[in-house]
Amino acid sequence: MRPLFIAGNWKMNPATAKEAVALAEAIKNGVGPAADVRVAVCPPALFLDQVDAALANSPIGLGAQNMHWKPDGAYTGEISGAMLNDAGCTHVILGHSERRHGMGETDAQVNAKLHTALAVGLIPIVCIGETQQEREGGQTEDVVAGQLTGSLAGISAEQMVGIVLAYEPVWAIGTGLTATPAQAQGVHEFIRDWLTKLFGEATAARIVVQYGGSVKPDNAAELLACPDIDGALVGGASLKEADFLGIIRAAQVVAAKSQA
Ligand SMILES: O=C(CO)COP(=O)(O)O
């Protein structure tokens, strides 16, 4: 049984450390001491240290939104895995579409970052997903398979179990357009089949694959109830404590039902 995993990607928000700490504290208080689903928040790098302190003694993981693949050196403006470890990170988002499409990040770079993240003990959340044009052109499966092949090159079955994938159709990010549960489940099933072919059924059955793209409290339950959707990577709604906690509650209900 795969545990549901809800992560909040705060992107370039909020503007101040004070607001970031207040949001983290509100989420920590709302989640309580023992979350029955996995939860993580991914604030901007500058606030990681303070959010880590705010999350002390809570089960909530702390994720960065990006990292460099080199351990150190002359890479102006970049942040290393060791720095993320030192700031208290447990997770790191890699290959988000806003980096792939906005910053020209390639599968090869995502792959290099993935190997480095694993080497320093961070849990990577590797994002994949097609654009609207690619979906309309009937290329969704080819695009997703290409991103999986490139981003996961050289990864063993044993390593794969410790990697989280996030399927985020680019056309559903920040647009208010959500993939229907059937559309999302269709691609998640394709991803599970791809993982099965590459890593075997037992390994594929253990890999957590989140969905991302306009997940809100009112659509979370039906998305999370799909058999191959194992959580959510939440953008906009993770900045409002009530919405993020609402999504976590929806996950708790789905998890309780599946255990009954
Ligand atoms: O990009 C996302 C999470 O990484 C999704 O963002 P929204 O939830 O704002 O659509």
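Higher on the page you've got the structure.
Residues numbered from 1 in each chain as written. Predicted model: local features only at pLDDT ≥ 70, side-chain atom pairs only at ≥ 80, totals over all residues. Heavy atoms only, no water.

**Student:** Lay out the site of the ligand with the relevant residues and their values.
**Tutor:** Residues in close proximity to the ligand include Asn9, Lys11, His96, Glu168, Ala172, Ile173, Gly174, Gly213, Ser214, Leu233, Gly235 and Gly236, which together make up its full environment. Within the contact set of the ligand, an oxygen atom lies 2.8 Å away from a side-chain nitrogen or oxygen of His96. Between Gly235 and the ligand, the recorded distance is 2.9 Å, taken from a backbone N or O atom to an oxygen atom. For the ligand, the accessible surface in isolation is 310 Å², of which the surrounding protein chains cover 97%. Tallied by class, residues from the shell around the ligand come to three nonpolar, seven polar and two charged. (Near = heavy atom within 4 Å. Polar contact = N/O pair within 3.5 Å; in protein donor to acceptor, adjacent residues only side chain to side chain. Areas by Shrake-Rupley, 256 points an atom, 1.4 Å probe, with all protein chains shown as cover. Nonpolar A, V, L, I, M, F, W, Y, C, P; charged D, E, K, R; others polar.)

**Student:** Explain the side chain of Gln147 residue by residue, including any values.
**Tutor:** Looking at the element boundaries, Gln147 is found in helix α7 (residues 140-151). On the accessibility criterion, Gln147 (9% relative accessible area) is buried. Every residue in contact with Gln147, bar those within four places of it in the chain, is listed here: Arg100, Asp107, Ile128, Gly129 and Leu152. (Helix = DSSP H or I, 4+ residues; strand = E, 2+ residues; numbered from the N terminus. Buried < 20%, exposed > 50% of the residue type's maximum accessible area, 1.4 Å probe, protein only. Contact = heavy atoms within 4.5 Å.)

**Student:** Any details on the side chain of Arg100? Residues and values, ideally.
**Tutor:** If you trace the backbone, Arg100 turns up in helix α4 (residues 97-100). Within the structure, Arg100 has its side chain in polar contact with the side chain of Ser151 (distance 3.1 Å). Residues contacting Arg100, with those up to four places away along its chain left out, are Gly95, Glu105, Asp107, Val110, Cys127, Ile128, Gln147 and Ser151.

**Student:** Got a sec to walk through the sheet that holds strand β2 (residues 38-42)? Specific residues and values, please.
**Tutor:** Pairing in this closed barrel of eight strands is parallel, and the strands run β1-β2-β3-β4-β5-β6-β7-β8 around the ring. Each adjacent strand pair in this sheet contributes to an overall mean axis angle of 25 degrees, direction not counted. The sheet contact formed by β2 and strand β3 (residues 61-64) spans two bridges and is parallel. When the sheet's bridge partners are listed, Ala40 is paired in β3 with Gly61. (Pairing = 2+ DSSP bridges. Axes fitted to C-alpha atoms, helices over the stretch in contact; angles between N-to-C directions.)

**Student:** Would you mind going over the pairing of β3 in detail, with residue names and values included?
**Tutor:** Of the two faces of β3, the one lined by Gly61 and Gly63 and the one lined by Leu62 and Ala64 are each fully buried. Between β2 and its parallel partner β3, the chain crosses via helix α2 (residues 48-54), and the hand of that crossover is right-handed. Pairing geometry for β3 and strand β4 (residues 91-94), over two bridges, is parallel. When the bridges of β4 are listed, Gly63 appears paired with His91. With helix α3 (residues 81-86) bridging β3 and its parallel neighbour β4, the resulting β-α-β unit is right-handed. (Right-handed = clockwise from strand over helix to strand, strands pointing away.)

**Student:** Hey, could you go over the nonpolar core for me, with residue numbers and the actual values?
**Tutor:** The biggest cluster of nonpolar side chains holds 73 residues, and the ones touching the most others in it are Leu165, Ile191 and Leu195. Counting residues per element, this core draws most heavily on helix α12 (residues 241-259), at eight residues. Setting aside residues no more than four positions away along its own chain, Ile191 makes contact with Ile128, Val144, Leu148, Leu165, Tyr167 and Val209. By size, the runner-up hydrophobic cluster in this structure holds eleven residues, among which are Ala7, Val164, Ala166 and Leu233. (Core = buried A, V, L, I, M, F, W, Y, C linked by side-chain atoms within 4.5 Å.)

**Student:** Please provide a residue-by-residue account of empty space enclosed by the protein, values included.
**Tutor:** Following the criterion strictly, the structure yields one cavity of 30 Å³ or more and no others. Estimated volume of the largest cavity: approximately 40 Å³. Taken together, Gly95, His96, Ser97, Arg100, His101, Cys127, Ile128, Gly129, Gln147, Glu168 and Val170 form the lining of the largest cavity. Listed by contribution, the elements that provide at least two residues to the lining of the largest cavity are α4 and β5 (123-128). (1 Å grid on protein atoms, 1.4 Å probe; cavity = no way out; pocket = protein on both sides within 12 Å on 5 of 7 lines; lining within 4 Å. Points joined across faces, edges and corners; volume = space filled by probe spheres on them.)

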